[in-house]
Structure formats: structure tokens, C-alpha cells
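If you want the building blocks of each chain, they are given just below.
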Amino acid sequence: MPITTATAKRRAVAQSLPVDYRTGLVRRRALDLYEAIPAQHHRERAVQELRDVVVD
């Protein structure tokens, strides 16, 4: 069963790691996910939460 974008966003935020653990590949993949989300979705709560997690 494919995962929807909304589900992936919620999981990414729910599984966010403390800053000390968000290094290297993990941080890069989270940033890739955020950058892959179309701009029209950037106001959605889950996307904003993902952005907050990635930029901390």
C-alpha cells in the first residue's frame, strides 16, 4: 500500500529527532523531503512542522 504525501509528512514530524541526532544523511533526507513538497502545500501544518524540525 503506497504512502501518501500527507502520511509521510506526519511520520517525518512525529519521528523527528533532537538536534544532536539530525546530522549528515538523516538531516539531508529530511531537507530533501521538505524541498520536494510543492510550494502550494507549504502553509499546511505538517509541512510547517517539518520545516521547523529541519531548520533547527
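Criteria and thresholds
- Residues numbered from 1 in each chain as written.
- Predicted model: local features only at pLDDT ≥ 70, side-chain atom pairs only at ≥ 80, totals over all residues.
- Heavy atoms only, no water.
- Axes fitted to C-alpha atoms, helices over the stretch in contact; angles between N-to-C directions.
- Helix = DSSP H or I, 4+ residues; strand = E, 2+ residues; numbered from the N terminus.
- Left-handed = near helix turned anticlockwise from the far one by under 90°.
- Contact = heavy atoms within 4.5 Å.
- Nonpolar A, V, L, I, M, F, W, Y, C, P; charged D, E, K, R; others polar.
- Core = buried A, V, L, I, M, F, W, Y, C linked by side-chain atoms within 4.5 Å.
- Buried < 20%, exposed > 50% of the residue type's maximum accessible area, 1.4 Å probe, protein only.

## A few points about the packing of helix α2 (residues 24–36) against helix α3 (residues 45–55)
Part 1: Their axes nearest at 10 Å, the elements α2 and α3 cross at an angle of 150°. For the element pair α2 and α3, the recorded crossing hand is left-handed. Residue-level inspection shows R27, A30, L31, L33 and Y34 of α2 in contact with α3, the latter providing V47, L50, R51, V54 and V55.
Part 2: The residue inventory of the contact of α2 with α3, partitioned by class, reads eight nonpolar, no polar and two charged.

## Quick notes on the nonpolar core
Part 1: Judged by nonpolar contacts, L31, Y34, I37, V47, L50 and V54 together constitute the single largest core of six residues.
Part 2: Elements with a minimum of two residues in this core: α2 and α3.
Part 3: At three residues, the largest contribution of residues to this core is made by α3.
Part 4: If we skip the residues at most four places from it in the chain, Y34 touches H42, V47, L50 and R51.

## Remarks on the environment of V55
Part 1: Here V55 lies in helix α3.
Part 2: Relative accessible area serves as the criterion here: at 56%, V55 is assigned to the exposed category.
Part 3: For the pair V55 and R27, spaced 28 residues apart in the sequence, the C-alpha separation amounts to 9.3 Å.

Honestly, that's just the spatial picture; any functional story needs more than this.
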